[in-house]
Amino acid sequence: MKLPDKRGHFGEFGGKFVPETLMSPLAELETALKTLKKNKRFKAEFSFYLKEYAGRPTNLYFAQRLSKRLKNLKVYLKREDTLHTGAHKINNTIGQILIAKHMKKNRIIAETGAGQHGVATATVASLFGLQCCIYMGAEDMKRQALNVFRMRLLGAEVIEVKSGSQTLKDAMNEAIRDWVTNVQNTFYIIGSVAGPHPYPVMVRDFQAVIGQEAREQFFVKEKKLPDYLIACVGGGSNAMGLFHAFFQDKTVKMVGVEAAGFGLHTKEHAASLSQGSVGILHGSKSSLLQNREGQIRVAHSIAAGLDYPGVGPEHAYYKKIGRATYVAVTDREALQGLKLLSRAEGIIPALETAHAIAYLEKLAQEVKRKATVIVCLSGRGDKDVAAVKELM
Ligand SMILES: *Cc1c(COP(=O)(O)O)cnc(C)c1O
């Protein structure tokens, strides 16, 4: 069975829960995707920019010293941190800006939390000379001042969002409002496998290159499939990007690592799968952090990129059918993970990615026999070192 179905459902999750005015632009996008999927020139263009501009393929690096420390684990790192702009997000923004171009939309909007998706969007908008507006929560603008400056340097307009918790979910609300008003000339680039159909499947297909490369590279090095795939989960795009190519490989276990913030027993976390319930947010049905009245709760994580109260619907589905398991790692453990990889391999990971690294120590305790692991190294830590310095 191919997922999602025609109407964008992954089992009971996904779909399209949007105001009437957005139904026609979403249909327009679906039609464009259907045509472009079969278009050889579009595929060649996408590969060209991934290779020549972003720096693909990324290496699958055997982390020898880290593996030695973890005893039973043989760890490979899929180096998305080496891409232009320092994270996997560029795979998706290149894909979506090419679609915008084919649809003849000359204005780009996006939401951003950590500022990483905003920077990746401003980057490709400038690459193609398109006007760009980025919505960002006032709180996030304070926490990520450097990324705000980066976006402005790249020529984007950054719009401060002062509603609600003044973070990512509010920025996404405002971006959707803008889209409703300006659908004629505007393309909305969503930063993860979230939002209404066809966004989750479109973003997944752009990020799937991570797993496609990793699967081949691992096979060349080890002559078999890996035992585990591990990735951090915010909206879930780097994780789904790694997982997707392995869906049919039943022996490969998949683990998504969510942010446990101050701990799952507190309300200060972002574990929307481990602790969430079914609901609707930003146009799709998934697992969310919400109170009994269905009001969205404020998420917390030390990593701004994981600080989202929802998660992509395909992950909710993977969890439901047991294809992947989801665990959570605290702020404190993530800091340890960041230190561990920095010292063991000379690679400072993003705080988001540090959650996946931190989980390796737990997995090493659990496995009985030697196991091979691919970790998605979603991004580099340069953006976080100032914050980490304060915290340490
Ligand atoms: C944004 C971001 C994430 C979280 O987003 P996903 O959609 O869950 O991948 C993870 N790591 C890095 C480095 C990021 O910038």
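Residues numbered from 1 in each chain as written. Predicted model: local features only at pLDDT ≥ 70, side-chain atom pairs only at ≥ 80, totals over all residues. Heavy atoms only, no water.

Draft legend 1. A look at the overall build of the protein. Scanning the protein from terminus to terminus reveals 15 helices and 14 strands. A compact globule built from 392 residues should have a C-alpha radius of gyration of about 21 Å, and the protein, at 19 Å, falls within 12% of that. Reported as C-alpha extents along the three principal axes, the dimensions of the protein are approximately 55 × 45 × 40 Å. Expressed as a percentage of the 392 residues in the protein, the buried residues total 61%. Nonlocal contacts in the protein, meaning residues at least 24 apart in sequence, comprise 73% of its contacts between residues at least 6 apart. Surface summary for the protein: the accessible area is close to 16700 Å², and the carbon and sulfur share equals 52%. (Helix = DSSP H or I, 4+ residues; strand = E, 2+ residues; numbered from the N terminus. Rg over C-alpha atoms; globule rule 2.2 N^0.38 Å. Buried < 20%, exposed > 50% of the residue type's maximum accessible area, 1.4 Å probe, protein only. Contact = heavy atoms within 4.5 Å. Areas by Shrake-Rupley, 256 points an atom, 1.4 Å probe, with all protein chains shown as cover.)

Draft legend 2. Inspection of helix α12 (residues 313-320) at higher detail. With respect to burial, α12 is a largely interior element, six of its eight residues being buried. Those residues of α12 that fall on the buried side of the exposure criterion are Pro313, Glu314, His315, Ala316, Tyr317 and Tyr318. Residue Gly322 follows α12 closely and has a positive phi angle near 75°.

Draft legend 3. Focus on the packing of helix α2 (residues 40-54) against helix α4 (residues 89-102). Two elements in contact, α2 and α4, have axes separated by 10 Å at closest approach and are oriented at 140°. Taken as axis vectors, α2 and α4 run oblique relative to one another. Considering the relative orientation of α2 and α4, their crossing is right-handed. Here Arg41, Phe42, Glu45, Phe46, Tyr49, Leu50, Tyr53 and Ala54 of α2 lie close against α4, whose contacting residues are Ile90, Asn91, Ile94, Gly95, Leu98, Ile99, Lys101 and His102. Residues that form the contact of α2 with α4 fall into these classes: ten nonpolar, three polar and three charged. (Axes fitted to C-alpha atoms, helices over the stretch in contact; angles between N-to-C directions. Parallel < 35°, antiparallel > 145°, perpendicular 65-115°, else oblique. Left-handed = near helix turned anticlockwise from the far one by under 90°. Nonpolar A, V, L, I, M, F, W, Y, C, P; charged D, E, K, R; others polar.)

Draft legend 4. The arrangement of the pattern of salt bridges in detail. Inspection of the entire model under this criterion finds 23 salt bridges. The residue Lys16 makes a salt bridge to Glu30 at a minimum N-O spacing of 2.7 Å. Residue Lys16 is found in the loop between β2 (13-14) and α1 (20-37), and its partner Glu30 is found in helix α1; the two are separated by 14 residues along the sequence. Of the residues examined, Lys16 reaches a relative accessible area of 24% and is grouped as partly exposed. One salt bridge in this structure joins Asp384 and Lys383, with 2.8 Å as the shortest N-O distance. Taking the relative accessible area as the measure of exposure, Lys383 reaches 17% and is therefore buried. Salt bridges sharing common partners tie together Lys37, Arg204, Asp205 and Glu314. (Salt bridge = Lys/Arg side-chain N within 4 Å of Asp/Glu carboxyl O.)

Draft legend 5. How the structure looks around the sheet that holds strand β6 (residues 131-137). With parallel pairing, the four strands of this open sheet are ordered in space as β7-β6-β5-β8. The open sheet is flanked by β7 (157-161) and β8 (186-188), the only strands paired with a single partner. Strand-to-strand, the axes of this sheet are offset by a mean angle of 25°, without reference to chain direction. Relative to β8, strand β5 (residues 107-112) is paired through three bridges, and the arrangement is parallel. Counterpart to Ile109 in the pairing with β8 is Tyr188. Each of β5 and β8 touches α4; the most contacted strand, β8, lies at about 155° to it. (Pairing = 2+ DSSP bridges.)

Draft legend 6. How the structure looks around the sheet that holds strand β3 (residues 60-62). Taken in spatial order, the six strands make up an open sheet running β3-β4-β14-β9-β10-β13, and their pairing is mixed. This sheet does not close on itself; its edge strands, each paired only once, are β3 and β13 (324-330). If you compare each strand with its neighbour and ignore which way they point, the axes differ by 30° on average. Pairing analysis gives five bridges linking strand β9 (residues 228-232) to strand β10 (residues 253-261), with the strands arranged parallel.

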